[in-house]
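# Chain and residue survey
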Amino acid sequence: MEGRPVSPAAATGQALPGYAELLAQSNFSFQQGASHPEELVVRARALGYQALALTDECSVAGVVRAHAQAKQSGLQLLPGAVFRLQPSRTMPQPEAGREGERGVAEAEEG
């Protein structure tokens, strides 16, 4: 069929081991992913993937669309999300005042 993607396994005639993409982001990840969730599922199936993990940033908004397409395509969908946690550069500390400073100094000496 013309215009339809051919999986590597079909192109070479060899069976490939099962593969699952575990970090795919759709256009529901603002400025990260470009493809619609349904497009990712269709492409993964065309490439012969066994499963696809849709892991948008801080969101599972695209999972519903991906699930509908995965069910229709017979692809296992692994829903998830990516959260990027960065430690704070400064740590707030309560003001101790002179009494607090004296107590700390005594504890260090003692």
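In the block above lies the structure referred to throughout.
Below, the structure is looked at part by part. It should be emphasised that the depicted structure is a prediction, and the values quoted were computed from it without experimental measurement.

## Focus on the pairing of strand 2 (residues 51-57)
In terms of residue burial, strand 2 counts as a mostly covered element, since six of its seven residues are buried. Of the strand pairs in this sheet, strand 1 (residues 20-24) and strand 2 are connected by three bridges, and their pairing is parallel. Bridging from a neighbouring strand, Ala20 pairs with Ala51 of strand 2. Handedness of the crossover joining strand 1 and strand 2 through helix 2 (residues 37-46): right-handed. Across seven bridges, strand 2 lies against strand 3 (residues 76-82) in parallel orientation. In the strand pairing of strand 3, Thr55 is matched with Gly80. You can see the chain leave strand 2, run along helix 3 (residues 63-73) and come back into strand 3, and the turn it takes is right-handed.

## Describing the environment of Ala66
Position of Ala66 relative to the elements: it lies in helix 3. Judged by its relative accessible area of 1%, Ala66 falls in the buried class. In this structure the C-alpha to C-alpha distance between Ala66 and Glu38, which are 28 residues apart in sequence, comes to 5.0 Å. Setting aside its immediate chain neighbours within four residues, Ala66 contacts Pro37, Val41, Leu54 and Leu77.

## Here's the deal with the packing of helix 2 against helix 3
Two quantities define a packed helix pair, namely the angle between the helix axes and the distance between the axes. Between helix 2 and helix 3, the shortest axis-to-axis distance is 8 Å and the interhelical angle comes to 30°. Considered as vectors, helix 2 and helix 3 are oriented roughly parallel to each other. Helix 2 and helix 3 meet at a crossing whose hand is right-handed. Taken together, the residues of helix 3 that come into contact with helix 2 (itself represented by Pro37, Glu38, Val41, Val42 and Arg45) are Arg65, Ala66, Gln69, Ala70 and Ser73. When its residues are assigned to classes, the contact of helix 2 with helix 3 shows five nonpolar, two polar and three charged.

## Focus: the environment of Val60
The topology assignment puts Val60 in the loop between strand 2 and helix 3. The spacing of Val60 and Pro79 is 19 residues in sequence and 7.3 Å in space, taken between C-alpha atoms. Residue contacts for Val60: discarding those within four places in its chain leaves Gly80 and Ala81.

## Considering the sheet that holds strand 1
Overall, parallel pairing links the three strands, which are arranged 1-2-3 in an open sheet. Strand pairing shows two members of the sheet lacking a second neighbour, strand 1 and strand 3, which therefore form its edges. Recorded for the sheet is a direction-independent mean angle of 15° between the axes of neighbouring strands. Contacts from helix 3 reach strand 2 and strand 3, with the element oriented near 165° to strand 3.

## A short note on helix 2
Residue pairs three or four apart in sequence face the same way in an α-helix, which turns once every 3.6 residues. Residues of helix 2 that are buried: Pro37, Leu40, Val41 and Ala44. All buried residues of helix 2 fall inside an arc of 100° around its axis, so they share one side. In the core, the buried residues of helix 2 are packed alongside strand 2 and helix 3. Two residues or fewer past helix 2, Gly48 is found with a positive phi of approximately 85°.

Criteria and thresholds
Residues numbered from 1 in each chain as written. Predicted model: local features only at pLDDT ≥ 70, side-chain atom pairs only at ≥ 80, totals over all residues. Heavy atoms only, no water. Buried < 20%, exposed > 50% of the residue type's maximum accessible area, 1.4 Å probe, protein only. Helix = DSSP H or I, 4+ residues; strand = E, 2+ residues; numbered from the N terminus. Pairing = 2+ DSSP bridges. Right-handed = clockwise from strand over helix to strand, strands pointing away. Contact = heavy atoms within 4.5 Å. Axes fitted to C-alpha atoms, helices over the stretch in contact; angles between N-to-C directions. Parallel < 35°, antiparallel > 145°, perpendicular 65-115°, else oblique. Left-handed = near helix turned anticlockwise from the far one by under 90°. Nonpolar A, V, L, I, M, F, W, Y, C, P; charged D, E, K, R; others polar. Arc of directions from axis to C-beta.

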